[in-house]
Amino acid sequence: GVTPEQVDRIVKQALRRYSEDRIGMVDYALESAGASVISTRCSETYETKTALLSLFGIPLWYHSQSPRVILQPDVYPGNCWAFQGSQGFAVIRLSSKVHPTAVTLEHIPRSLSPKGTIPSAPKDFTVFGLNEEGQQEGIHLGKFMYNQDEDPIQTFPLQVEDQSAAFQLVELRVLSNWGHPEYTCIYRFRVHGEPVS
Amino acid sequence: GVTPEQVDRIVKQALRRYSEDRIGMVDYALESAGASVISTRCSETYETKTALLSLFGIPLWYHSQSPRVILQPDVYPGNCWAFQGSQGFAVIRLSSKVHPTAVTLEHIPRSLSPKGTIPSAPKDFTVFGLNEEGQQEGIHLGKFMYNQDEDPIQTFPLQVEDQSAAFQLVELRVLSNWGHPEYTCIYRFRVHGEPVS
Amino acid sequence: GVTPEQVDRIVKQALRRYSEDRIGMVDYALESAGASVISTRCSETYETKTALLSLFGIPLWYHSQSPRVILQPDVYPGNCWAFQGSQGFAVIRLSSKVHPTAVTLEHIPRSLSPKGTIPSAPKDFTVFGLNEEGQQEGIHLGKFMYNQDEDPIQTFPLQVEDQSAAFQLVELRVLSNWGHPEYTCIYRFRVHGEPVS
Ligand SMILES: [K+]
Ligand SMILES: [K+]
Ligand SMILES: [K+]
């Protein structure tokens, strides 16, 4: 049997981890720490036509989220970058140059989505490291699948062949989604790694 | 006795629910998902005179929160819409048309309020479904009481007679507060339901 | 042994406290509740050169955080006021006049900082109560040390000699940091107390 003190310790530890941006890993793609989206190549931002403020039925302005939101921690429904179709690209300038070790992709949970489904969530995606911005084909760091049936926050260890490789530019390429015919939503993308000394 | 594994499971489940906007129910009144406050009828916003920025004692601008904040998830002290007196109205255009099933009202906890009391919290309130915006008297969906002594987040199942009724407009009418002579504060209002297929 | 019901109760209580701004104490220095930074005396804000938005490698604007952020609850990496060197001052106008009883200082956890160290965290600091803004030397309320090895949120009970003393102005003076040669970061500063009746 477990004592009340042991339960306290387990709970305290779980809440500490929860307060450490949920997963306790440094995010080099966090906007507030200095990262930015420098290009979305040919992706077309989907106009979600969210009226932020309307008066007596007349929407005052329409709003579509910028790709910047994928580097911001808020993940309430709608705090996402929506691009047309199921393929999208984002080149991110990290807050510092790192030896990349993993990436994390996050979507809203099914429970917060109408009908309990998340068809606009990304499915297959690849990650590249770039040495310079114009670079057409970067260094392949891995191909992964975001699983719509698992935890909303999913971390993927990278398959980096050259351990000495370091990058300040990382590209996310979404290749497919979970079935939405019109658009795909990215809520948050994080990049983890070892800082270059 | 409970095993450490069982404790882990209980803790993990509780944190998962906590991360699902606390209650794990879709909020069709969430601004980031597309909802908006389209009218507050004759309610007068209370000028709380919160100086957001002042330099050497001279406040640079005064700020009173817009009714929009009741559709936003931040609920730190002050993130509320304050209206004069104890009666206020807000007509909300939901992010989509739904068969409404419940609403949730939220205030700050007593522990975060000076003197440990929340007299400006709403008390009695009613909820209506509207078919069009100018409508003076909507469909009555229930009358409820927000309890100042219970959990800060309180969900109220609606009493909908006509199960086929669906609305994109919902009106919140606050009828009384917990004793504040000057104003009433609404921190967050959520609307739950089944999406119209 | 502990029963599942007891575990549930412990977990629920821990999450309730977590949701009460983590520590369940009223913060009279919270900006959204009406507090403001009215002066930073001679402290020089450190230009962190965080590009919030850049296009094709050209940063659109640079951004350095205002001292206001220390009164705001967001504490993701970068949501801090960075001042040059290891000594900085901030005079805060509280949301109301209080008999001060404690202050809380917060930094990001080591786990969210590259290299797992937080050299830019404050170390030694003092707190003063001021009766008027121009006052050069306020009432000394205590000298403390923020410990880089303990919990990211640390609360310090004040040593107030005159229990009847009440202040609406409080000054934070940071005297040293944990080793960063260039700047010191303040993520959040809270003031607790008893409201003046
Ligand atoms: K986001
Ligand atoms: K709010
Ligand atoms: K902050």
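Residues numbered from 1 in each chain as written. Chains lettered and ligands numbered in written order. Predicted model: local features only at pLDDT ≥ 70, side-chain atom pairs only at ≥ 80, totals over all residues. Heavy atoms only, no water.

Trainee: What exactly am I supposed to notice about the packing of aromatic side chains here?
Mentor: Applying the stated rule across the entire model yields 15 aromatic pairs over all chains. Centre to centre, the rings of A:Phe125 and A:Phe144 are 5.6 Å apart; their planes meet at 40°, and the pair counts as tilted. Residue A:Phe125 is found in strand β6 (residues 124-130), and its partner A:Phe144 is found in strand β7 (residues 139-145); the two are separated by 19 residues along the sequence. Given the relative accessible area of 0%, A:Phe125 is considered buried. For A:Phe144, a relative accessible area of 9% corresponds to the buried category. Summarising the aromatic geometry, the rings of C:Trp81 and C:Phe83 are spaced 5.0 Å apart at their centres and angled 55° between planes, so their arrangement reads as tilted. Members of the aromatic cluster, joined through ring pairs, are A:Tyr18, B:Tyr18 and C:Tyr18. Directly above the aromatic system of C:Phe128 lies the positively charged group of C:Arg173, at a separation of 4.5 Å from the ring centroid. (Phe/Tyr/Trp six-rings, centres within 6.5 Å; stacked < 30°, edge-to-face > 60°. Helix = DSSP H or I, 4+ residues; strand = E, 2+ residues; numbered from the N terminus. Buried < 20%, exposed > 50% of the residue type's maximum accessible area, 1.4 Å probe, protein only. Lys NZ or Arg CZ within 6 Å of the ring centre and 35° of its normal.)

Trainee: Looking at this structure, how should I read the interface of chain A and chain B?
Mentor: Interface size is commonly expressed as the accessible area that is lost once the parts come together. Of the residues lining the interface, 28 residues belong to chain A; the matching set on chain B comes to 30 residues. Between chain A and chain B, the buried area comes to about 2,300 Å², and carbon and sulfur atoms account for 66% of it. On the surface where chain A and chain B come into contact, there are 1 salt bridge. Here B:Arg16 ties to A:Asp151 by a salt bridge, and the two come within 3.5 Å at their closest N and O atoms. Breaking the side of chain A that touches chain B down by element, the ones donating at least two residues are α1 (4-19) and β2 (50-55) of chain A. Looking at side-chain class alone, the side of chain A that touches chain B contains 17 nonpolar, 8 polar and 3 charged residues. (Contact = heavy atoms within 4.5 Å. Buried area = accessible area lost by both parts, 1.4 Å probe. Salt bridge = Lys/Arg side-chain N within 4 Å of Asp/Glu carboxyl O. Nonpolar A, V, L, I, M, F, W, Y, C, P; charged D, E, K, R; others polar.)

Trainee: Is there a simple way to think about the coordination of the potassium ion (ligand 2) in this case?
Mentor: For a metal with four donors in a tetrahedral arrangement, the ideal angle between donors is 109.5 degrees, while six donors in an octahedron ideally sit at 90 or 180 degrees. Residues and elements named next belong to chain B. With distances of 2.5 to 3.0 Å, the protein atoms coordinating the potassium ion (ligand 2) are Val69 (O), Gln72 (O), Asp74 (O), Asn79 (O) and Tyr187 (O). For the potassium ion (ligand 2), the single-chain donor residues occur in sequence as V-x2-Q-x1-D-x4-N-x107-Y. Of this pair, Asn79 sits in the loop between β3 (58-63) and β4 (81-84) while Tyr187 sits in the loop between β10 (183-186) and β11 (188-195), and the two are 108 residues apart along the sequence. For Tyr187, a relative accessible area of 4% corresponds to the buried category. (Donors = N, O, S within 2.8 Å, 3.2 Å for Na, K, Ca; no water.)

Trainee: Which parts of the structure should I look at to understand the relation of the copies chain C and chain A?
Mentor: Relating one copy of the chain to the other requires a rotation about an axis plus a shift along that axis. With an RMSD of 0.0 Å, the fit of chain C onto chain A corresponds to turning through 120° and sliding 0.0 Å along the axis. Interpreted geometrically, this transformation is the action of a three-fold axis. Taking the C-alpha atom as reference, chain C places C:Gly1 closest to the rotation axis, 2.5 Å from it. (Least-squares fit on C-alpha atoms with pLDDT ≥ 70 in both.)

Trainee: When you look at the pattern of salt bridges in this model, what are you seeing that I'm missing?
Mentor: One side chain can pair with another of opposite charge once the charged atoms of both are near each other. All names here are of chain A. Applying the stated rule across the entire model yields 30 salt bridges over all chains. With its nearest N and O atoms 3.2 Å apart, the salt bridge here joins Glu106 to Arg190. Of this pair, Glu106 sits in strand β5 (residues 88-106) while Arg190 sits in strand β11 (residues 188-195), and the two are 84 residues apart along the sequence. The two residues Glu106 and Arg190 agree in class, both being buried.

Trainee: Whenever I open this one, the coordination of the potassium ion (ligand 3) confuses me. Can you help?
Mentor: Residues and elements named next belong to chain C. Binding of the potassium ion (ligand 3) to the protein goes through Val69 (O), Gln72 (O), Asp74 (O), Asn79 (O) and Tyr187 (O), at separations of 2.5 to 3.0 Å. Sequence positions of the donors to the potassium ion (ligand 3) reduce to the motif V-x2-Q-x1-D-x4-N-x107-Y. With a gap of 10 residues between them, Val69 in the loop between β3 (58-63) and β4 (81-84) and Asn79 in the loop between β3 and β4 connect regions that are remote in the sequence. Residue Val69 is classed as buried on the basis of its relative accessible area, which comes to 9%. With relative accessibility at 16%, the residue Asn79 sits in the buried group.

Trainee: What should I look at first to understand helix α1 (residues 4-19) of chain B in this one?
Mentor: Two residues of an α-helix separated by three or four positions point the same way, owing to the 3.6 residues in each turn. Its 16 residues place the ends of α1(B) 22 Å apart at the C-alpha level, agreeing with the 22 Å of an ideal helix rising 1.5 Å per residue. Those residues of α1(B) that sit buried are B:Val7, B:Ile10, B:Val11, B:Leu15 and B:Tyr18. One side of α1(B) holds all its buried residues, which, seen down the axis, span an arc of 130°. In α1(B), the exposed positions that point more than 90 degrees away from the buried face belong to B:Glu5, B:Arg9, B:Lys12 and B:Gln13. Turning to α1(B), the residues buried within the fold contact α1 of chain A together with α1 (4-19) of chain C. Residue B:Asp21 follows α1(B) closely and has a positive phi angle near 55°. (Expected span 1.5 Å × (residues − 1). Arc of directions from axis to C-beta.)

Trainee: How should the interface of chain C and chain A be read in this particular structure?
Mentor: Counting from both sides, the interface comprises 28 residues of chain C and, opposite them, 30 residues of chain A. Here chain C and chain A share an interface that buries about 2,400 Å² over both sides, 65% of which is from carbon and sulfur atoms. Per-residue buried area on chain C facing chain A is highest for C:Tyr18, C:Tyr76 and C:Leu112; these three make up 22% of the total on that side. Summed over the shared surface of chain C and chain A, the number is 1 salt bridge. At the junction of chain C with chain A, the criterion picks out 4 residue pairs in polar contact (both at pLDDT 80 or more). Among the secondary structure elements, those contributing two or more residues to the side of chain C that touches chain A are α1 and β2 (50-55) of chain C. The residue makeup of the side of chain C that touches chain A, split by class, is 17 nonpolar, 8 polar and 3 charged. (Polar contact = N/O pair within 3.5 Å; in protein donor to acceptor, adjacent residues only side chain to side chain.)

Trainee: Please clarify how unusual backbone geometry should be interpreted in this entry.
Mentor: Note on backbone geometry: most residues besides glycine have negative phi, and most peptide bonds are trans. All names here are of chain A. Even without being a glycine, Asp21 presents a positive backbone phi close to 55°. One can find Asp21 in the loop between α1 and β1 (36-39). On the accessibility criterion, Asp21 (7% relative accessible area) is buried. Positive phi is not limited to glycine here, since Arg22 has a value of about 75°. Within the element layout of this structure, Arg22 appears in the loop between α1 and β1.

Trainee: I'm lost on the confidence of the model for chain A in this one. Help?
Mentor: All names here are of chain A. The predicted model of chain A has a mean per-residue pLDDT of 88, with 89% of residues at 70 or higher. Looking at the elements of chain A, mean pLDDT is at its lowest for β2, recorded as 38, and at its highest for strand β8 (residues 153-157), recorded as 98. Counting contacts from residues 48-63, a segment whose pLDDT is below 50, to residues more than four positions away or on other chains yields 38 contacts. The ipTM assigned to the predicted complex is 0.90, against a pTM of 0.91. (pLDDT = per-residue confidence, 0-100.)

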